[in-house]
Amino acid sequence: MQSHFLLVRHGETEWNQQRKLQGHLDSPLTDSGINQARLLALQLANQNINSIFTSPLKRASDTALIINQSLNKSISTDERLKERHFGDWQEKYFDELTHLPDFEFIFQKSEHHAPPNGESGIICANRMEQALIDIAKQHLGKNILIVSHGDIIRCFFQQKLHQSAAVDAYSGFGNGSVFKVSFCHYQEQFI
């Protein structure tokens, strides 16, 4: 038996537009971000979604609420779906950070490197993995929409599915993107 996930990155925010790192901080959806969420609702309408889980950060929960205007499903919040914590780098512009020695490791490798006072890619991926496993076990054989964030999704794919090691959160994991993954209960692994 499998549980199927559709992992969605929230719509564009003001800080995304400005290339400013949010992490656990937040900024509102832009008009484009609201439109991305509306388009996601249309795109997901025929996916037989049974329930929706979202990060508690407002940009994700607002995206989930807009999508749910069409789907009309129950929405639950899970703290473990929050974006990666970027510590001292939060609220800084990417251009301020690209020259730092660990920048490439943090945003390309998603391993043990972490921003000062922040979270490593492995810890972030483990957090999402456990959330998805717990949700899958509560919703056997169901289709579940997860509204979360670009870097936590990227870390999860790199660490747990060994995919896209060279993709960063701004190219392959853009706002409004959808990624499919299933959890096989018999093998207890993601496929």
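Look above for the structure.
As the structure is a computational prediction, the values presented were derived from the model and not from experiment.

All right, on to the nonpolar core then. If you look at the biggest cluster of nonpolar residues, it comprises 25 residues, and the most contacted ones within it are Phe5, Leu7, Ile146, Phe156 and Phe190. When residues of this core are traced back to their parent elements, those giving at least two are strand 1 (2-9), helix 6 (121-138), strand 4 (143-148), helix 7 (150-160) and strand 5 (178-184). Broken down by element, this core gets its largest block of residues, eight residues, from helix 6. In this structure Phe156 touches Leu7, Ala125, Met128, Glu129, Leu132, Leu161, Val181 and Phe190, once residues within four positions along its chain are discounted. With 13 residues, the next largest nonpolar core counts Leu6, Leu44, Leu71 and Leu145 among its residues.

The phi dihedral of Asn48 falls on the positive side, at around 50°, and the residue is not glycine. Secondary-structure assignment places Asn48 in the loop between helix 2 (31-44) and strand 2 (51-54). The backbone phi angle of Asn72 is positive, close to 55°, even though this residue is not glycine. You can see Asn72 is positioned in the loop between helix 3 (58-71) and strand 3 (75-77).

Another aspect to go through is the packing of helix 2 against helix 3. Between helix 2 and helix 3, the least distance of the axes is 8 Å, while the angle of their chain directions is 40°. Helix 2 and helix 3 meet at a crossing whose hand is right-handed. Here Ile34, Ala37, Arg38, Leu40, Ala41 and Leu44 of helix 2 lie close against helix 3, whose contacting residues are Thr63, Ile66, Ile67, Ser70 and Leu71. Grouping the constituent residues of the contact of helix 2 with helix 3 by class yields eight nonpolar, two polar and one charged.

This brings us to the packing of helix 6 against helix 7. The geometry of helix 6 relative to helix 7 is characterised by a closest axis approach of 8 Å and an angle of 90° between their N-to-C directions. When the axis of helix 6 is compared with that of helix 7, the two are roughly perpendicular. Here helix 6 contributes Gly121, Ile122, Cys124, Ala125, Asn126, Arg127, Met128, Glu129 and Leu132 to the contact with helix 7, which in turn contributes Ile152, Ile153, Cys155, Phe156, Gln159 and Lys160.

Another point: the sheet that holds strand 1. Across the sheet, which stays open at both edges, the six strands sit in the order 3-2-4-1-5-6 with mixed pairing between neighbours. For this open sheet the edge positions go to strand 3 and strand 6 (189-190), each flanked by a neighbour on one side alone. Note that strand 2 and strand 3 share three bridges and pair parallel. Within strand 3, the residue paired with Phe53 across the bridge is Ser76. On top of the sheet, helix 2 reaches strand 1, strand 4 and strand 5; it is set at about 155° to strand 1, its chief contact.

Criteria and cut-off values
Residues numbered from 1 in each chain as written. Predicted model: local features only at pLDDT ≥ 70, side-chain atom pairs only at ≥ 80, totals over all residues. Heavy atoms only, no water. Core = buried A, V, L, I, M, F, W, Y, C linked by side-chain atoms within 4.5 Å. Buried < 20%, exposed > 50% of the residue type's maximum accessible area, 1.4 Å probe, protein only. Helix = DSSP H or I, 4+ residues; strand = E, 2+ residues; numbered from the N terminus. Contact = heavy atoms within 4.5 Å. Axes fitted to C-alpha atoms, helices over the stretch in contact; angles between N-to-C directions. Left-handed = near helix turned anticlockwise from the far one by under 90°. Nonpolar A, V, L, I, M, F, W, Y, C, P; charged D, E, K, R; others polar. Parallel < 35°, antiparallel > 145°, perpendicular 65-115°, else oblique. Pairing = 2+ DSSP bridges.

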